[in-house]
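# Structural description and commentary
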Amino acid sequence: KYMKIIINIISISLVGILTACSYNPNLNFHLPDVEVSKKKIDAELKFVSVTTIHPLERNGAPILIIEQKIPMLFQKSLKDALDKSSAFKQESTRKVDITAKIFKLKLPNAGLSMTTEVGAKYEIIDRKTEEVLYSQDISSSGTASMDYLYGTSRFEESINRAIRSNIVIFLQNIEYMTIKKQ
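Residues numbered from 1 in each chain as written. Predicted model: local features only at pLDDT ≥ 70, side-chain atom pairs only at ≥ 80, totals over all residues. Heavy atoms only, no water.

## Concerning the pattern of salt bridges
Within the structure shown, the criterion is met by 11 salt bridges. Arg-161 is paired through a salt bridge with Glu-157; the nearest N and O atoms lie 3.1 Å apart. In this pair, Arg-161 and Glu-157 are both assigned in helix 3 (residues 151–175), 4 residues apart and thus about one turn of the helix distant. By relative accessible area, which is 12% here, Glu-157 ends up buried. Connected via shared salt-bridge partners are Glu-44, Lys-46 and Lys-95. (Salt bridge = Lys/Arg side-chain N within 4 Å of Asp/Glu carboxyl O. Helix = DSSP H or I, 4+ residues; strand = E, 2+ residues; numbered from the N terminus. Buried < 20%, exposed > 50% of the residue type's maximum accessible area, 1.4 Å probe, protein only.)

If you want it as structure tokens, here you go:
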């Protein structure tokens, strides 16, 4: 009888451990509360792209499956946040693109509190002249603690918070940006 109870306890524990260590990404960098920009940039935003550094720049570090999904989700969330902020003038004669290149993505290790660090180089480029009108490296971090019970949830939420923070800093920076006249 005791042996059966012990086997059940071990089985339940193993299921809990394996469930907590399984990986089912729930990444979401969407910013729900983006304020409308007080100052409009005299340029029409045409294109937003997010990329990562070239594999050769990684010094042999392997690319994780989750890292392959981040640029696409980052780009979608950045574009959405820029649209909500209305920071750029529609119908301006100057047309610009925004590029963000992720140069740092330090994912957390296992733990009760998990922190992700993100670094991205943002550039605003004039489409006609190809002049870089704005260039800024932005670093941010996001921490998720025991508010998230399972390790995978903490892992994902730390990434979510780090990238959301990065986008917010960029939006704040361009609020005060001035572009010289054409």
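Anyway, onward from the coordinates.
## Side note on the packing of aromatic side chains
Enumeration according to the criterion identifies 2 aromatic pairs in this entry. Taken together, a centroid distance of 4.2 Å and an interplanar angle of 10° make the contact between Tyr-122 and Phe-170 stacked. Placement of Tyr-122 in strand 3 (residues 114–126) and of Phe-170 in helix 3 is noted, with a sequence separation of 48 residues between them. Under the relative-accessibility criterion, Tyr-122 is labelled buried at 0%. A ring pair is formed by Tyr-134 and Phe-170, whose centres lie 5.8 Å apart and whose planes are at 65°; its orientation type is edge-to-face. Of this pair, Tyr-134 sits in strand 4 (residues 132–144) while Phe-170 sits in helix 3, and the two are 36 residues apart along the sequence. Here Tyr-134 falls in the buried class, since its relative accessible area comes to 10%. An aromatic cluster of three or more residues is present, and its members are Tyr-122, Tyr-134 and Phe-170. (Phe/Tyr/Trp six-rings, centres within 6.5 Å; stacked < 30°, edge-to-face > 60°.)

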